[in-house]
Amino acid sequence: MEFFRIKKDIPFMRHALIFNVISVLTFVAAVFFLAHKGLHLSIEFTGGTVMEITYPKPANIEGVRTKLGELGYTDMQVQSFGTAQDVLIRLPVQKNVNTAQVSERVMGALKAQDETVSLKRVEFVGPQVGEELTHDGLMAMGMLVIGVMIYLAIRFEWKYAVAAIFANLHDVVIILGFFAFFQWEFSLTVLAGILAVLGYSVNESVIVFDRVRETFRDRKHGKMAVADVMNHAITGTISRTLITHGSTQLMVLSMFFLGGPTLHYFALALTIGICFGIYSSVFVAAALAMWLGVKREDLIKPIKEKDEHDGAVV
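Note that the coordinates shown come from a computational prediction; the quantities given were computed from them, not determined experimentally.

K.L.:
Help me get a handle on the sheet that holds strand β3 (residues 77-81), residues and values and all.
P.N.:
Spatially, the 4 strands line up as an open sheet ordered β3-β4-β2-β5, and their pairing is antiparallel. Two strands lie at the open edges of the sheet, namely β3 and β5 (118-125), each paired on one side alone. On average, adjacent strands in this sheet sit at an angle of 20 degrees to one another, irrespective of strand direction. Here strand β2 (residues 48-54) pairs with strand β4 (residues 83-92) via 7 bridges, running antiparallel. Residue pairing in the sheet places Val50 in a bridge with Arg90 of β4.

Dropping the structure here:
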């Protein structure tokens, strides 16, 4: 399915060096902000008080957030839990205040707003749990990267695997750089979004590399220069890219504008990842593969001519 077909190849690789310089500068800036400012971790990583409250009727989530904001909580998380009547509240650690004092203060404010609210459970999540989550998250990302490299090396060739991994890590680090620079809250939901972006970006790179392989095998275009092959392959996937990324972005924007605070940063991470995923697949992955010296023979093994003496009786 295509909305349009571009007959003349767009010379993407002509501008590859300029765009990769921009990528390197952006990547370095992201690493700088990560090292200098760090991520604004949610209480899932730093620890805090977890409260589960219930109402006899569907809860007013925004009303609960407003009331907690009046108490001075800025980094809290409020979301529905299981049913529309149940609400899960996560509050950050406060100095010189224990869990019982926090729950008493919060319930007092919520009962003043609605007397029907009741407390189902309250518990303290220590920073040790946060350290385990951080470790598990990094392990998940590392295993995903290793798995992707093995897959691409088997399906294509090691040069493609190296190019794709650099491009995909480029996307991940830039997303983290945005969160560090603006000090947006980094939660488990955002981490899930980043892992989704990594897989999404790999898929885009595989589509481009598949088209590159098809172009190398084509009798008409297979003998072109590598840069021209890249341009032809990328141009041939533009319509597909607009359809898939456009439809995905529409869904993500609906979560961003209508999903509320719970999905806000998740959708934001996906939005940044989708935009940079298109960019990196074209200007980073393809360009790196070209500079690593990928050629037709890497994908199409030359057929050995049969020796005329083969099979001769001595």
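K.L.:
Tell me what's going on with the pairing of β3, and back it up with residues and numbers.
P.N.:
With 5 bridges connecting them, β3 and β4 associate as antiparallel partners. Pairing of Gln79 across the sheet is with Leu88, part of β4. Once β3 ends, the chain turns through 1 residue before running back antiparallel as β4, passing Gly82 with a positive phi of about 85 degrees.

K.L.:
Any chance you could break down the packing of aromatic side chains for me, citing the residues and the numbers?
P.N.:
Applying the stated criterion across every chain yields a total of 17 aromatic pairs. Ring centres 6.4 Å apart and planes at 80 degrees place the aromatic pair Phe276 and Tyr279 in the edge-to-face group. One end of the pair is Phe276 and the other is Tyr279, both in helix α10 (residues 261-291) and 3 residues apart, which spans about a single turn. Since its relative accessible area comes to 17%, Tyr279 is described here as buried.

K.L.:
So what's going on with the confidence of the model for the protein? Residues and values would help.
P.N.:
For the protein, the mean per-residue pLDDT works out to 84, and 92% of the residues sit at or above 70. Across the protein, the secondary-structure element scoring lowest on mean pLDDT is helix α11 (residues 296-299), at 70, and the one scoring highest is helix α1 (residues 16-36), at 93.

K.L.:
Which residues make up unusual backbone geometry, and what values do they have?
P.N.:
One non-glycine residue with positive phi stands out, namely Gln183, at about 55 degrees. With respect to the element layout, Gln183 can be found in the loop between α6 (158-182) and β6 (185-186). For Gln183, a relative accessible area of 33% corresponds to the partly exposed category.

Rules of the game
Residues numbered from 1 in each chain as written. Predicted model: local features only at pLDDT ≥ 70, side-chain atom pairs only at ≥ 80, totals over all residues. Heavy atoms only, no water. Pairing = 2+ DSSP bridges. Helix = DSSP H or I, 4+ residues; strand = E, 2+ residues; numbered from the N terminus. Axes fitted to C-alpha atoms, helices over the stretch in contact; angles between N-to-C directions. Phe/Tyr/Trp six-rings, centres within 6.5 Å; stacked < 30°, edge-to-face > 60°. Buried < 20%, exposed > 50% of the residue type's maximum accessible area, 1.4 Å probe, protein only. pLDDT = per-residue confidence, 0-100.

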